[in-house]
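# Residue-level structure breakdown
Given next are the chains, with one letter for each unit.
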Amino acid sequence: MRHWRDVALCRGLDPEIFFPDPDDEEAASDAIEICGECPARELCLEWAIARREKNGVWGGATVRERRRIIRRRRRSA
Ligand code: SF4
């Protein structure tokens with residue numbers, strides 16, 4: 001079975017795109033756009049959420065957005 005990383009659109013791209021300044025939400029826009037087209041998006045996002053990844057854009061979500069998702073899930077659990 002292929003791993004989601006094998007189909008990741010960010011493969012081979014400059015990692016700096018996906019690790020923008022966390023205080024600058026605008027800086028994440030290029031990464032978010034690429035993630036939006038990525039077939040691995042959902043698995044990537046869940047991977048980052050499960051690991052409480054503190055840096056970078058994963059599955060189209062910044063760390064702030066991932067925190068929001070985690071809070072929302074806790075509230076609805
Ligand atoms: S969703 Fe974004 S960060 Fe995740 S694998 Fe795809 S392009 Fe990379």
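Residues numbered from 1 in each chain as written. Predicted model: local features only at pLDDT ≥ 70, side-chain atom pairs only at ≥ 80, totals over all residues.

### Some details on the site of the ligand
- Around the ligand, the structure places 14 residues, and the nearest of them are A8, C10, C35, C38 and C44.
- Elements supplying a minimum of two residues to the shell around the ligand: helix 2 (29-36) and helix 3 (41-50).
- The residue inventory of the shell around the ligand, partitioned by class, reads 11 nonpolar, 2 polar and 1 charged. (Near = placed C-beta within 6 Å. Helix = DSSP H or I, 4+ residues; strand = E, 2+ residues; numbered from the N terminus. Nonpolar A, V, L, I, M, F, W, Y, C, P; charged D, E, K, R; others polar.)

### Remarks on the nonpolar core
- If you look at the biggest cluster of nonpolar residues, it comprises 10 residues: A28, A31, C35, A40, C44, L45, A48, V57, W58 and A61.
- Counting only elements with at least two residues in this core, the list comes to helix 2 and helix 3.
- In terms of residue count, the dominant contributor to this core is helix 3 (3 residues).
- With residues up to four places along the chain from it excluded, the contact list for A61 reads L45, R66 and I69. (Core = buried A, V, L, I, M, F, W, Y, C linked by C-beta atoms within 7 Å. Buried ≥ 20, exposed ≤ 12 C-beta atoms within 10 Å, placed from the backbone. Contact = placed C-beta atoms within 7 Å.)

### Topic: helix 4 (residues 63-76)
- Relative to the 20 Å expected for 14 residues at 1.5 Å per residue, helix 4 spans 20 Å between its end C-alpha atoms, a close match to the ideal helical length.
- With respect to burial, helix 4 is a largely exposed element, only 1 of its 14 residues being buried. (Expected span 1.5 Å × (residues − 1).)

### Description of helix 3
- Along helix 3, the residues that are buried comprise C44, L45 and A48. Buried residues of helix 3, viewed axially, fall in a sector of 100 degrees; they line one side. Facing away from the buried side of helix 3 by over 90 degrees, the exposed positions are E42 and A50.
- For helix 3, the elements touching its buried residues are helix 4.
- Once helix 3 finishes, R52 follows within two positions and takes phi at roughly 50 degrees, a positive value. (Arc of directions from axis to C-beta.)

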